[in-house]
Amino acid sequence: MGIFTIPPAIKTPVNRRDNTKYCRYHRDIGHITEECRVLKDEIERLIQRGQLRNYVRNARSEPFPHQINLAEHKNKAPRLSNEPIIFTEEEASGLWHPHKDAIVVALRIASRKVYKILIDNGSSADILFRSTLNRMDLIGAKFDPIKSALYGFTGDSIHSEGVLNLPIELGTHPCQHIQSVEFVVVDFPSSYNAIIRRPTLNAIRAVTSTYHLLVKFPTVGGIGILKGDQQASRDIYEAANRSSNAHRMSFIKTCKGSLEHPPPRTIAIDSGAGHPPPNKKSSSHEEFLQ
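Now for a look at the structure at hand. (Residues numbered from 1 in each chain as written. Predicted model: local features only at pLDDT ≥ 70, side-chain atom pairs only at ≥ 80, totals over all residues. Heavy atoms only, no water.)

**A short note on the overall build of the chain**
In step 1: When you go through the chain residue by residue, the secondary structure sums to four helices and 13 strands.
In step 2: Looking at the chain as a whole, 37% of its 290 residues qualify as buried.
In step 3: Intrachain contacts of the chain at a sequence separation of at least 6 include 64% that bridge at least 24 residues.
In step 4: A total accessible area of about 17,500 Å² is found for the chain, and carbon and sulfur atoms account for 51% of it. (Helix = DSSP H or I, 4+ residues; strand = E, 2+ residues; numbered from the N terminus. Buried < 20%, exposed > 50% of the residue type's maximum accessible area, 1.4 Å probe, protein only. Contact = heavy atoms within 4.5 Å. Areas by Shrake-Rupley, 256 points an atom, 1.4 Å probe, with all protein chains shown as cover.)

Listed below in structure tokens is the structure:
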């Protein structure tokens, strides 16, 4: 964190914090950065040590000493890395080939570690499933009404409970990025916990490679990387096939028809049941969404 020290963890229990407020200093929810008392104390400490000399107004010419002048910097976005984003054959060496697997990753959403997140380039809404949200235990989550209808692959309209803005963390330090995402909350059975789609991928300037099962994006510290879990992707696909076959046989027996009868029509948001990462067990909110 440069000249700033790592802040102590927020003491307020997670289920009592306001999930709509995010502090970039703590990298956690509960309050906004501008209201962070710990950050203000840290800034004052750095001023006393003379480490923010370039940002402090001259006390002789200004009536308020120790006033930080960030006005000239407030409109400047952090400079992202301009390194070229490339994928090498070596990065694909640890995968089973050939494959047709989807990119399934784990991310922190509102400080919770969430597994089984599908990276999908083909749709225009980031999805958070209601069952996932219930287990995240975000007390006081505030929904905004959705502005447009949501449709599945079959063209059927899907009920949405609204839009929920939550921060997600991508990559690892120092190549890390925190992005605010407008999730459409959908009360629909799914094997995935969430789906990250074009709005977020475009916002972080991400480049995906299904061959490598990787997502890369520029950050201030370099090129960030998200690695897909190939085993989880395959388990989800296999479970989807088993579920589809079970529905088909049940439908055939009920109708007493032939194998030519099609299975019941479904809305294709996702495909099948997921698989938790091996040896990942925890009762805490941060590691629960397997």
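Following the structure, the description resumes.
**So, the nonpolar core**
In step 1: Counting residues in hydrophobic clusters, the biggest one holds 31 residues, and the most contacted among them are Leu107, Ile109, Ile117, Leu166, Ile168, Phe183 and Ile196.
In step 2: Elements supplying a minimum of two residues to this core: strand E3 (103–109), strand E4 (112–119), helix H2 (130–136), strand E8 (160–172), strand E9 (175–186), strand E10 (194–196) and strand E12 (214–219).
In step 3: Beyond its immediate chain neighbours, meaning those up to four positions away, isoleucine 168 contacts Leu107, Arg108, Ile109, His177, Ile178, Gln179, Val181, Phe183, Ile196 and Thr200. (Core = buried A, V, L, I, M, F, W, Y, C linked by side-chain atoms within 4.5 Å.)

**Focus on the sheet that holds strand E13 (residues 222–227)**
In any sheet, the strands associate via hydrogen bonds between backbone groups, in a parallel or an antiparallel arrangement.
In step 1: The strand order across the open sheet built from three strands is E11-E12-E13, with neighbouring strands paired in antiparallel fashion. Where the open sheet ends on each side, the last strands, each with one partner, are strand E11 (207–209) and E13. Averaged over all pairs of adjacent strands, the angle between strand axes in this sheet comes to 25°, irrespective of strand direction.
In step 2: Bridging between E12 and E13 involves six bridges; their strand directions are antiparallel. Bridge pairing in E13 links phenylalanine 217 to glycine 224. (Pairing = 2+ DSSP bridges. Axes fitted to C-alpha atoms, helices over the stretch in contact; angles between N-to-C directions.)

**A look at the pairing of strand E5 (residues 126–129)**
Within a regular beta strand, the side chains point alternately toward one face of the sheet and then the other, so they alternate between its two faces.
In step 1: Of the two faces of E5, the one carrying Asp126 and Leu128 and the one carrying Ile127 and Phe129 are both buried.
In step 2: Pairing of E5 with E10, which is carried by two bridges, proceeds in the antiparallel orientation. Residue pairing for E10: isoleucine 127 is matched across the bridge by isoleucine 195.

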